[in-house]
Amino acid sequence: MKAITTLFLASALLASAEPDAAAMADGKAHFMNCMACHGLDGTGMKVGPTMVMAPSLAGSKIATGDPEIFAQVVLKGIKKEGAEFLQMMLPLEATLDDKKLASVMTYVRGSFDNKADPVTEAQVKEWRAKYADRKEPLTRAEIAELVKKSEEANKKPE
Ligand code: HEC
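Since the structure is predicted, the reported quantities are computational estimates derived from the model, not experimental observations.

Peer 1: I'm lost on helix 5 (residues 67–76) in this one. Help?
Peer 2: Note on helix geometry: an α-helix contains 3.6 residues per turn, so any two residues three or four positions apart are oriented the same way. Of all 10 residues in helix 5, 10 are buried; the element is thus mostly enclosed. Buried residues of helix 5: Pro67, Glu68, Ile69, Phe70, Ala71, Gln72, Val73, Val74, Leu75 and Lys76, and no others. The inward-facing, buried residues of helix 5 abut helix 4 (61–64), helix 6 (98–109), helix 7 (121–130) and helix 8 (140–154). Positive backbone phi, approximately 80°, marks glycine 77, located one or two places after helix 5.

Laid out in structure tokens, this is it:
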């Protein structure tokens, strides 16, 4: 029994380190839903020399940090408060089902030099249910607070 548990844990660890090829391929296809604003290479679609449609997902703290925050951003969108970006982050909960969203998140977290753990369909299902009653997009202040809290929670004890 103990050996089986250890095996299970070992394979779960492996799975979390390496996104599977099928999820990455699916995610790349569903990245179509992001590309118009975030660009083919994820760094944000440029418009002329100075304007940009949306921020870069390469190295984005939100995209590569706590996946629950990343999921909330994609499900609910971001309230447009400034003119930094030409576009706005739309709520995509109606566009992407659990499987599609998990694969696109996995793709973003494992592409553009990002090296964050993949996301499972079960996780997205749980987060979608958890935030089902939320109808408004997130504000940047709220997101910053969530990121701060999750960074504090993940800080290793000295
Ligand atoms: C219609 C344009 C548009 C589409 C489509 C879009 N985004 Fe966005 N996204 C934005 C804009 C604009 C922002 C910045 C919002 C703000 O700060 O006002 C943003 C912000 C983000 C952020 C926060 C990045 C950071 O570090 O600040 C993430 C993560 C993100 N988008 C992921 C996605 C993913 C994944 C998809 C596809 C499933 C997607 N977006 C589709 C326009 C878009």
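Peer 1: Can you walk me through the pattern of salt bridges in this structure?
Peer 2: Two side chains bearing opposite charge may form a pair once their charged atoms approach each other closely. Applying the stated criterion to the full structure yields 6 salt bridges. The closest approach of N and O atoms between lysine 130 and glutamate 68, which form a salt bridge, is 2.6 Å. Taken together, the residues span a long stretch of sequence, with lysine 130 in helix 7 and glutamate 68 in helix 5 at a distance of 62 residues. Judged by its relative accessible area of 17%, glutamate 68 falls in the buried class.

Peer 1: Mind showing me how you'd approach the coordination of the iron atom of the ligand here?
Peer 2: Surrounding the iron atom of the ligand are the protein donor atoms His38 (NE2) and Met89 (SD), which sit 2.0 to 2.1 Å from the metal. Considering all 6 donor atoms around the iron atom of the ligand, angles at the metal cover 88 to 179° and the coordination shape is octahedral. In this pair, histidine 38 sits in helix 3 (residues 32–38) while methionine 89 sits in the loop between helix 5 and helix 6, placing the two residues 51 residues apart along the sequence. Taking the relative accessible area as the measure of exposure, histidine 38 reaches 10% and is therefore buried.

Peer 1: Sorry, what's going on with the packing of helix 5 against helix 8 here?
Peer 2: The geometry of a pair of packed helices is captured by two quantities: the angle between their axes and the separation between those axes. At a minimum axis separation of 10 Å, helix 5 and helix 8 run at an interaxial angle of 165°. Accordingly, the angle class assigned to the pair helix 5 and helix 8 is roughly antiparallel. Taken as a pair, helix 5 and helix 8 cross one another with a handedness that is right-handed. The segment helix 5 lies against helix 8, with Ile69, Gln72 and Val73 engaging Ile143, Leu146, Val147 and Ser150. When its residues are assigned to classes, the contact of helix 5 with helix 8 shows 5 nonpolar, 2 polar and no charged.

Peer 1: What is the right way to read the nonpolar core from this model?
Peer 2: Counting 22 residues, the largest nonpolar core has Phe31, Leu101, Met105 and Val108 as its most contacted members. Considering every element that reaches this core, the biggest residue donor is helix 6, with 6 residues. If near-sequence neighbours (up to four positions away) are discounted, methionine 105 is found in contact with Pro67, Phe70, Ala71, Val119, Val124 and Trp127. Val73, Ile78, Ile143 and Val147 belong to the second-largest nonpolar core, a separate cluster that totals 7 residues.

Peer 1: Looking at this structure, how should I read the site of the ligand?
Peer 2: The environment of the ligand is made up of 22 residues, and the closest members are Cys34, Cys37, His38, Ser60 and Met89. Serine 60 has a polar side-chain atom sitting 2.7 Å from an oxygen atom of the ligand. Counting residues per element, the shell around the ligand draws most heavily on helix 3, which supplies 4 residues. Across the shell around the ligand, the residue classes break down as 17 nonpolar, 4 polar and 1 charged.

Cut-offs used in this document
Residues numbered from 1 in each chain as written. Predicted model: local features only at pLDDT ≥ 70, side-chain atom pairs only at ≥ 80, totals over all residues. Heavy atoms only, no water. Buried < 20%, exposed > 50% of the residue type's maximum accessible area, 1.4 Å probe, protein only. Helix = DSSP H or I, 4+ residues; strand = E, 2+ residues; numbered from the N terminus. Contact = heavy atoms within 4.5 Å. Salt bridge = Lys/Arg side-chain N within 4 Å of Asp/Glu carboxyl O. Donors = N, O, S within 2.8 Å, 3.2 Å for Na, K, Ca; no water. Tetrahedral: all angles 85-135°; square planar, octahedral: opposite > 155°, others 65-115°. Axes fitted to C-alpha atoms, helices over the stretch in contact; angles between N-to-C directions. Parallel < 35°, antiparallel > 145°, perpendicular 65-115°, else oblique. Left-handed = near helix turned anticlockwise from the far one by under 90°. Nonpolar A, V, L, I, M, F, W, Y, C, P; charged D, E, K, R; others polar. Core = buried A, V, L, I, M, F, W, Y, C linked by side-chain atoms within 4.5 Å. Near = heavy atom within 4 Å. Polar contact = N/O pair within 3.5 Å; in protein donor to acceptor, adjacent residues only side chain to side chain.

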